[in-house]
Amino acid sequence: MKSIFNLHKKGWQFCMLVMLLSFIPYYFIFNDNSSDSAWTLLLMWIPAFAAIIMRLYYKEGLFKGISWNPIKDWKWLFIAVFVPLIIEVSTLLLTIFFDAAELKEGFISLENGNVSIKGVSMIFGAATQPWYVFIGNYLLSYFIGALLYSLVFALGEEYGWRGYLQQKWAPKNNIKGFIIIGIIWGLWHLPAILQGHNYPEYPILGGFILMPILCTLFSIVFGIAMNRKNVIWIAIVFHGALNISSDVSNTAFIETSINRPINDFIWTTLWLLTALIFWFKIKKKTTHTSS
């Protein structure tokens, strides 16, 4: 317990400020009685506002320690975009394999090398098209959608959690820092989850256990990826792609047919494997560099 409080005090001050400022959007979210309230957008920007206040108060500079040049680590931008999609599609396939959900009738059809899909918006349309055109059309549409979502929604959270707090607690891939950031980040979502967001079937389990676990895994993956060259866009795009890719299953499955515990278990397990791969890869690199 003592080691927890040995973390940089500015990090704890930031966390307290985030929680205090979050009362404002949460108040209106609860008044609207909806986790999909427009005030959710303000909530997602609270970590950024808290980070700006901390940086201005301590005269640290708004961009200190952060690189905003995406070209500096451009290959990882593509990794950040497509890893969440791969995990989501794998979850969809495994959920079907374990008979834990049913696809909507006519969601996707393949005939004579042509593909059509329902309920999905794509840049060049979702009408029947050759499979090779469909793949390019879908991936391009997803890529652009992930980038746009990242700019509007994920930027606010990541400027705070990774761009500020991670600098204080896990600038050199400190696993303790990643875990504590993840737990706090997960519990920050608690009021929305108790209202039915993310885990409507089991909000208490989801809010107090599952979300902190997931956010810890995200904290490790996003944090290690960003720490490579301190490019904030890596974490932002990872977060944006994570959120937008989650719509794949929501669009594909009949909602009432989904076995949520199995579906959530598969998705969480795949993110756990991803976090372990990232962690062991960075530890192997560190060991190799030291020797």
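Residues numbered from 1 in each chain as written. Predicted model: local features only at pLDDT ≥ 70, side-chain atom pairs only at ≥ 80, totals over all residues. Heavy atoms only, no water.

### Describing the packing of aromatic side chains
Part 1 of the reasoning: In total, this model carries 28 aromatic pairs according to the counting rule given.
Part 2 of the reasoning: Ring geometry for phenylalanine 78 and phenylalanine 143: centres 5.4 Å apart, planes at 10°, overall stacked. Of this pair, phenylalanine 78 sits in helix 4 (residues 74–97) while phenylalanine 143 sits in helix 5 (residues 131–169), and the two are 65 residues apart along the sequence.
Part 3 of the reasoning: Over the ring of tyrosine 58 we find lysine 10, and its NZ or CZ is 4.4 Å from the ring centre.
Part 4 of the reasoning: Arginine 162 extends its terminal NZ or CZ atom over the ring of tryptophan 185, reaching a point 4.3 Å from the ring centre. (Phe/Tyr/Trp six-rings, centres within 6.5 Å; stacked < 30°, edge-to-face > 60°. Helix = DSSP H or I, 4+ residues; strand = E, 2+ residues; numbered from the N terminus. Lys NZ or Arg CZ within 6 Å of the ring centre and 35° of its normal.)

### A word on a nonpolar patch on the surface
Part 1 of the reasoning: Nonpolar side chains collect at one region of the surface, where Ile179, Ile183, Leu187, Leu194, Ile204, Leu205, Phe208, Ile209 and Ile213 lie side by side and expose about 770 Å² of accessible area between them.
Part 2 of the reasoning: Contributing elements (two or more residues each) for the nonpolar patch: helix 6 (175–188) and helix 8 (203–227).
Part 3 of the reasoning: It is helix 8 that provides the largest number of residues to the nonpolar patch, a total of five residues.
Part 4 of the reasoning: Mapped onto the secondary structure, isoleucine 179 falls in helix 6.
Part 5 of the reasoning: Exposure remark for isoleucine 179: the relative accessible area of 34% places this residue in the partly exposed category. (Patch = residues over 30% accessible without salt bridge, like charges linked within 9 Å, V, L, I, M, F, W, Y side chains within 5 Å. Areas by Shrake-Rupley, 256 points an atom, 1.4 Å probe, with all protein chains shown as cover. Salt bridge = Lys/Arg side-chain N within 4 Å of Asp/Glu carboxyl O. Buried < 20%, exposed > 50% of the residue type's maximum accessible area, 1.4 Å probe, protein only.)

### A short note on unusual backbone geometry
Part 1 of the reasoning: The backbone phi angle of aspartate 99 is positive, close to 55°, even though this residue is not glycine.
Part 2 of the reasoning: Locating aspartate 99 in the fold gives a position in the loop between helix 4 and strand 1 (108–111).
Part 3 of the reasoning: Judged by its relative accessible area of 67%, aspartate 99 is exposed.
Part 4 of the reasoning: A positive phi is found at asparagine 230, a non-glycine position, where the angle reads about 60°.
Part 5 of the reasoning: Checked against the element boundaries, asparagine 230 lands in the loop between helix 8 and helix 9 (232–245).
Part 6 of the reasoning: When its relative accessible area of 31% is taken as the criterion, asparagine 230 is described as partly exposed.

### Re helix 3 (residues 39–57)
Part 1 of the reasoning: Between its first and last C-alpha, helix 3 extends 26 Å over 19 residues, near the 27 Å set by a 1.5 Å rise per residue.
Part 2 of the reasoning: Considering bend angle alone, the principal kink of helix 3 is centred on tryptophan 45 and spans about 40°; proline proline 47 follows within four residues of it.
Part 3 of the reasoning: Listing the buried residues of helix 3 in full gives Leu43, Met44, Ile46, Pro47, Ala48, Ala50, Ala51, Met54 and Arg55.
Part 4 of the reasoning: The secondary structure elements touched by the buried residues of helix 3 are helix 2 (9–32), helix 5, helix 6 and helix 9.
Part 5 of the reasoning: Positive backbone phi, at 55°, marks lysine 59, one or two positions downstream of helix 3. (Expected span 1.5 Å × (residues − 1). Bend = angle between axes of the 7 residues up to and from the residue. Contact = heavy atoms within 4.5 Å.)

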